[in-house]
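# Observations on the model geometry
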Amino acid sequence: MYSTLHYNFLARPLRSLTFASCRPKSQSSLHTSTFKLKVAHRNVFVAITRTLSTSCVRWSNEKTDDIKDSATTPPLRENIYTIPNFLTVSRILSCPVLGWSILHDDFFLATGLLVYAGFSDLADGYLARRFNMHSVLGTILDPAADKTLMTTLTVTLAMKGLLPISLASIIIGRDVLLSLSAFYIRYTSLPAPKTFSRYWDFSIPSAEVRPTTISKYNTFAQLALMCATTVTPILPAQYHLFVPEMQILVAVTTVWSGLSYVFSKDAVRIVSETRKKLPPS
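Read on for a plain summary of the structure.

Calculation criteria
- Residues numbered from 1 in each chain as written.
- Predicted model: local features only at pLDDT ≥ 70, side-chain atom pairs only at ≥ 80, totals over all residues.
- Heavy atoms only, no water.
- Helix = DSSP H or I, 4+ residues; strand = E, 2+ residues; numbered from the N terminus.
- Buried < 20%, exposed > 50% of the residue type's maximum accessible area, 1.4 Å probe, protein only.
- Contact = heavy atoms within 4.5 Å.
- 1 Å grid on protein atoms, 1.4 Å probe; cavity = no way out; pocket = protein on both sides within 12 Å on 5 of 7 lines; lining within 4 Å.
- Points joined across faces, edges and corners; volume = space filled by probe spheres on them.
- Salt bridge = Lys/Arg side-chain N within 4 Å of Asp/Glu carboxyl O.
- Patch = residues over 30% accessible without salt bridge, like charges linked within 9 Å, V, L, I, M, F, W, Y side chains within 5 Å.
- Areas by Shrake-Rupley, 256 points an atom, 1.4 Å probe, with all protein chains shown as cover.
- Phe/Tyr/Trp six-rings, centres within 6.5 Å; stacked < 30°, edge-to-face > 60°.
- Lys NZ or Arg CZ within 6 Å of the ring centre and 35° of its normal.
- Expected span 1.5 Å × (residues − 1).

### A short note on the overall build of the chain
Helix and strand content of the chain: nine helices and two strands. In the chain, the succession of α and β elements from N to C terminus is α-α-α-α-α-α-α-β-α-α-β. Going through the 281 residues of the chain one by one, you find that 30% of them count as buried.

### Considerations on the environment of Leu103
Topologically, Leu103 is positioned in helix 3 (residues 83-103). Each C-alpha atom, one on Leu103 and one on Thr156, is 6.3 Å from the other, the two residues being 53 residues apart in sequence. Residue contacts for Leu103: discarding those within four places in its chain leaves Thr156, Met159 and Lys160.

### As for empty space enclosed by the protein
For the structure shown, the criterion picks out one cavity of 30 Å³ or more. The space that makes up the largest cavity amounts to roughly 40 Å³. Around the largest cavity sit Glu78, Val136, Leu137, Ile140, Arg186, Phe202, Ile204 and Pro205, which together line it. Per element, the largest residue contribution to the lining of the largest cavity is three residues, and it comes from helix 5 (residues 136-159).

### Examining the pattern of salt bridges
Applying the stated criterion across every chain, the model contains six salt bridges. With its nearest N and O atoms 2.6 Å apart, the salt bridge here joins Asp124 to Arg91. Of this pair, Asp124 sits in helix 4 (residues 107-130) while Arg91 sits in helix 3; the two residues are 33 residues apart in sequence, bridging distant segments of the chain. Two residues, Arg91 and Asp146, come together in a salt bridge whose shortest N-O distance is 3.6 Å. A residue pair is termed long-range when its members are at least 10 positions apart, and Arg91 in helix 3 and Asp146 in helix 5 qualify at 55 residues.

### Re a nonpolar patch on the surface
Judged by side-chain polarity, Val176, Leu177, Leu180, Phe183, Phe196, Trp200 and Phe202 come together as a nonpolar surface patch covering roughly 750 Å² of accessible area. Broken down by element, the residue count for the nonpolar patch peaks at four residues, all from helix 6 (residues 165-189). Relative to the elements of secondary structure, Phe202 occurs in the loop between helix 7 (196-199) and strand 1 (207-209). Residue classification places Phe202 among the partly exposed positions, given a relative accessible area of 33%.

### As for the packing of aromatic side chains
Inspection of the entire model under this criterion finds three aromatic pairs. Ring geometry for Phe183 versus Trp200: centroids 6.2 Å apart, planes at 65°, classification edge-to-face. A residue pair is termed long-range when its members are at least 10 positions apart, and Phe183 in helix 6 and Trp200 in the loop between helix 7 and strand 1 qualify at 17 residues. Through pairs of rings, three or more aromatic residues link up here, namely Phe183, Phe196, Tyr199 and Trp200. The ring centre of Phe131 lies 5.2 Å from the NZ or CZ of Arg130, which sits over that ring. Between Lys194 and the ring centre of Tyr187, over which it is positioned, the NZ or CZ distance is 5.5 Å.

### Some thoughts on helix 8 (residues 213-231)
Under the 1.5 Å per step criterion, the end-to-end length of helix 8 is 27 Å for 19 residues, consistent within 8% with the ideal 27 Å. The set of residues buried in helix 8 consists of Ile214, Ser215, Asn218, Thr219, Ala221, Gln222, Leu225, Met226, Ala228, Thr229 and Thr230. Looking at the buried residues of helix 8, the elements they touch are helix 3, helix 4, helix 5, helix 6 and helix 9 (243-263).

Just geometry here; none of it tells us what the structure is for.
Encoded structure:
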C-alpha cells in the first residue's frame, strides 16, 4: 500500500511534469510562426510590386498625355521673321511715301506704289500658303497693312478734294473703332503675366483675327475706289471709271462690314496657351 501510494505520488507528478515540459507543441508553434512570417513577407512584397506597377503605368499614361498635348498645343513663341511678313511690313512703310506723292500731285508715283502694294499683297498670301509660312502675327499685319494703306489714301484724297468728306468719315470711323477693339482684345487675350514688354512682343501669339466675308468684299471695293480715284487725274477725260457709283457701294459695305465684326463669332479666335489639365486620379 505504501509502495503503491508512493509510486502514484512520485510517478504521476513526474510523469505529468515530464509531459508538460516535453510535449512537441512548442516545435509546431515555431513552424507555424515561421510559415506565417513568410506569408506576411510575401504579401508585403506583392503589395509593393503592385504599387510600383500601378505607379509606373500611371506615370507612363501621364507622359503620353503630355506628349499629345504638346503636339496639339500651339508653341508659346513663333517665327515672325518670314518673307510674307517682310512684304507686309514693306507695304506699311510705303504708305507715307504714297501719301506724300498724292499731296504733291505726283500721281504717277502714287499709281506705281499702288501697283506694288497690290502685287506684294498677292505675293505674301501665296508664299504663306505655298511654303506654310503662316503666323498669328501675319493675320494681324496683313489687315493692318490694308487699313494703313486705306487710311493714307482716304485722308490724302479727301484733302485734295477727290473724295467726299462724308465717305472719308465713315471709312476712318470704322477703322478707328476696329483698331481700338484690336488693342483691347490683345490685352485681354495675352497670357499672364501681362506686362508692357510682353504686350508689344508679337512673337507671343494671343488672338487671331479672321476677316468676315463682307469685310473681304468691302476691302476689295475700297481698294478699287481708291485706285480709280488716284488714277483718274492722269487718265484722259473720256475715260469714266464709275467713281460715284463705287462711292455708294463702299459706304454701304463699310457700315455692313463694321457690324459683321460685332455680331460674328468667328471674327476673332483666342489662341489658348494653357495645356489641358489631367483629370484627378
